[in-house]
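Chain by chain, the residues run as shown.
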Amino acid sequence: MQVQHEIPLLASFGKPKDEPTAWVHEATFDQCVMRAFEVGRRRYDLKTIGRHAGIHPPHVSDVANGRRPLKADKVDIVCWLTGCNAPRQWLDMQRERIAFEADAYAKEIVFEQFRKVAA
């Protein structure tokens, strides 16, 4: 008897759904990853998610339970396989926060330069 190693065709494989923004804003990245795996268990088992995401088999359970970090190059595929966009949402929020802070610092530096020139 041959074992099937492909993604099951009966599984729903659509665009990952976003989690509520307020929850993602309050959560840590590990909590978002754990949420993604929790949602993904409705589609596939952990072994299948890990195999298709390229996560080393003994580490899949640790990643799903927050004991190991999810590597950056695996975020997109995990989001697609699990159907939960929480890890990507968290990263996008952090990117926006950093860009906002960098913009504020740049404006402050420009203001200080103008103040020095005007003095």
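The structure reproduced in this document is the subject of the present report. From a predicted model like this one, the values you see are computed outputs, not experimental measurements. (Residues numbered from 1 in each chain as written. Predicted model: local features only at pLDDT ≥ 70, side-chain atom pairs only at ≥ 80, totals over all residues. Heavy atoms only, no water.)

Quick look at the overall build of the protein
- For the protein, the count of helices and strands is 6 helices and 0 strands.
- What you see in the protein, going N to C, is helices and strands ordered as α-α-α-α-α-α.
- Taking all 119 residues of the protein together, the buried fraction comes to 32%.
- As displayed, the protein has an accessible area near 8,500 Å², and 59% of this comes from carbon and sulfur atoms. (Helix = DSSP H or I, 4+ residues; strand = E, 2+ residues; numbered from the N terminus. Buried < 20%, exposed > 50% of the residue type's maximum accessible area, 1.4 Å probe, protein only. Areas by Shrake-Rupley, 256 points an atom, 1.4 Å probe, with all protein chains shown as cover.)

Thoughts on the state of the cysteines
- This model, assessed by the stated rule, comprises 0 disulfides.
- Cysteine C32 remains unbridged, with the sulfur of C84 as its closest cysteine sulfur at 7.8 Å.
- A residue is classified by how much of its surface remains accessible, and C32, at 0% relative accessible area, is buried.
- Lacking any disulfide linkage, C79 is separated from the closest cysteine sulfur, that of C84, by 6.8 Å.
- Judged by its relative accessible area of 0%, C79 is buried. (Disulfide = S-S within 2.5 Å.)

Considerations on the layout of surface pockets
- In this model, the largest pocket occupies a volume close to 150 Å³.
- Every residue along the wall of the largest pocket is listed here: G54, I55, H56, H59, V63, R68, P69, L70, K71 and K74.
- Classifying every residue of the lining of the largest pocket by side-chain character gives 4 nonpolar, 3 polar and 3 charged. (1 Å grid on protein atoms, 1.4 Å probe; cavity = no way out; pocket = protein on both sides within 12 Å on 5 of 7 lines; lining within 4 Å. Points joined across faces, edges and corners; volume = space filled by probe spheres on them. Nonpolar A, V, L, I, M, F, W, Y, C, P; charged D, E, K, R; others polar.)

What to know about the environment of M93
- In this fold, M93 is placed in helix 6 (residues 86-118).
- Between the alpha carbons of M93 and H25 there is a distance of 7.4 Å; along the sequence they are 68 residues apart.
- When sequence neighbours within four positions are dropped, the list of residues in contact with M93 reads T21, V24 and H25. (Contact = heavy atoms within 4.5 Å.)

Topic: the packing of helix 2 (residues 29-40) against helix 5 (residues 75-82)
- At their nearest, the axes of helix 2 and helix 5 sit 8 Å apart, and the two run at 35° to each other. Taking contact as the criterion, the partners of F29, A36, F37, V39 and G40 in helix 2 are, on helix 5, V75, V78 and T82. (Axes fitted to C-alpha atoms, helices over the stretch in contact; angles between N-to-C directions.)

Concerning the side chain of K74
- Structurally, the position occupied by K74 is in the loop between helix 4 (60-64) and helix 5.
- Looking at K74, the relative accessible area reads 18%, which means it is buried.
- Reaching out from K74, the side chain makes a polar contact with the backbone oxygen of G54 at a distance of 3.5 Å.
- Not counting residues up to four positions away in its chain, the partners in contact with K74 are A53 and G54. (Polar contact = N/O pair within 3.5 Å; in protein donor to acceptor, adjacent residues only side chain to side chain.)

Considering the pattern of salt bridges
- Counted under the stated rule, the structure contains 10 salt bridges.
- The closest approach of N and O atoms between E19 and R35, which form a salt bridge, is 3.3 Å. Residue E19 is found in the segment before helix 1 (21-26), and its partner R35 is found in helix 2; the two are separated by 16 residues along the sequence.
- Of the charged contacts, one joins D76 and R88 as a salt bridge, the two residues approaching to 3.1 Å between their closest N and O atoms. Note that D76 is positioned in helix 5 and R88 in helix 6, a separation of 12 residues in sequence.
- You can call D76 partly exposed: its relative accessible area is 43%.
- Given a relative accessible area of 21%, R88 falls into the partly exposed group.
- Shared partners join several salt bridges into a network, and the residues in it are E19, R35 and E38. (Salt bridge = Lys/Arg side-chain N within 4 Å of Asp/Glu carboxyl O.)

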